[in-house]
Amino acid sequence: QVQLVESGGGLVEAGGSLRLSCVVSGSIFSINAMGWYRQAPGKQRELVARITSGGDTNYADSVKGRFTISRDNAKNTVYLQMNSLKPEDTAVYYCNADLKKYLLSNYKDYWGQGTQVTVSS
């Protein structure tokens, strides 16, 4: 079994900061890219930030300069530091990991259960 468990969401005022964490546990051979996605009510899920196993990152234009993604490979953990939060950042944030469970298995996407981030104006 593979589990992705997010933490760190909550309610914050506009201009504030939050740090999300996601720990990947279970039967894991290798983790490739990890990322954060979000879904606001009535909208499609969208990529927020992504980081490769080598540390290369990419961000949605709407969060560039405000959010920072990082990972600790030894802990199978990915983080999302969110600064200068805006009401439009309000959404459920989902952790994603592209991983393989065994040497001969294929890489597959796994998702966390999501954590709510609410930014008040």
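Residues numbered from 1 in each chain as written. Predicted model: local features only at pLDDT ≥ 70, side-chain atom pairs only at ≥ 80, totals over all residues. Heavy atoms only, no water.

## Thoughts on the state of the cysteines
Keep this limit in mind: Pairs of cysteine sulfur atoms within 2.5 Å are identified as disulfides in what follows. For helices the rule is a DSSP run of H or I covering at least 4 residues; for strands it is a run of E covering at least 2, with both sets numbered from the N terminus onward.
The full count for this structure, using the stated rule, is 1 disulfide. Across a sulfur-sulfur distance of 2.1 Å, Cys 22 and Cys 95 are joined as a disulfide pair. With the S-S bond torsion at -80°, the cross-link from Cys 22 to Cys 95 turns out left-handed. In this pair, Cys 22 is assigned in strand E3 (residues 18-26) and Cys 95 in strand E9 (residues 91-100), connecting sequence segments 73 residues apart.

## Looking at the environment of Leu 47
Put simply, the test is: Each residue gets one of three labels from its accessible area relative to the maximum for its type: buried under 20%, exposed over 50%, partly exposed in between, using a 1.4 Å probe on protein chains only. By definition in these notes, contact holds between two residues if any of their heavy atoms fall within 4.5 Å.
Position of Leu 47 relative to the elements: it lies in strand E5 (residues 46-51). With a relative accessible area of 27%, Leu 47 lands in the partly exposed category. For the pair Leu 47 and Val 23, spaced 24 residues apart in sequence, the C-alpha to C-alpha distance is 19 Å. Excluding its chain neighbours within four sequence positions, the residues that come into contact with Leu 47 are Trp 36, Tyr 37, Asn 58 and Ala 60.

## Let's talk about the side chain of Thr 115
Stated precisely, the cut-off is as follows: For the purposes of these results, a polar contact is taken to be a pair of N or O atoms within 3.5 Å, where, inside protein, one atom must be able to donate a hydrogen and its partner to accept one; residues adjacent in sequence count only when each atom of the pair is a side-chain atom.
Within the secondary structure layout, Thr 115 lies in strand E11 (residues 115-120). Looking at Thr 115, its side chain comes within polar contact range of the main-chain nitrogen of Gly 9, at 3.4 Å. What Thr 115 contacts, discounting residues up to four positions off in sequence, is Glu 6, Gly 9, Leu 20, Ala 91, Val 92 and Tyr 93.

## Structural notes on unusual backbone geometry
At Asn 76, a position not held by glycine, the phi torsion is positive, near 50°. Along the chain, Asn 76 falls in the loop between strand E7 (67-72) and strand E8 (77-82). Phi is positive for Ser 84, close to 50°, though the residue is something other than glycine. Its location among the elements puts Ser 84 in the loop between E8 and E9. Residue classification places Ser 84 among the partly exposed residues on the basis of a relative accessible area of 41%.

## Here we look at the sheet that holds strand E1 (residues 2-7)
Filter applied, for reference: Two strands are said to pair when DSSP picks up at least two bridges between them. Helix axes are fitted to C-alpha atoms over the stretch in contact, other axes to C-alpha atoms as well, and angles between N-to-C directions run from 0 to 180 degrees.
Strand order across the open sheet formed by 4 strands is E1-E3-E8-E7, with antiparallel pairing between neighbours. Looking along the sheet, the strands with just one partner apiece sit at the ends: E1 and E7. Neighbour-to-neighbour, the strand axes of the sheet open up by a mean angle of 15°, direction not taken into account. Pairing of E1 with E3 involves 6 bridges; the strand directions are antiparallel. When the sheet's bridge partners are listed, Glu 6 is paired in E3 with Cys 22.

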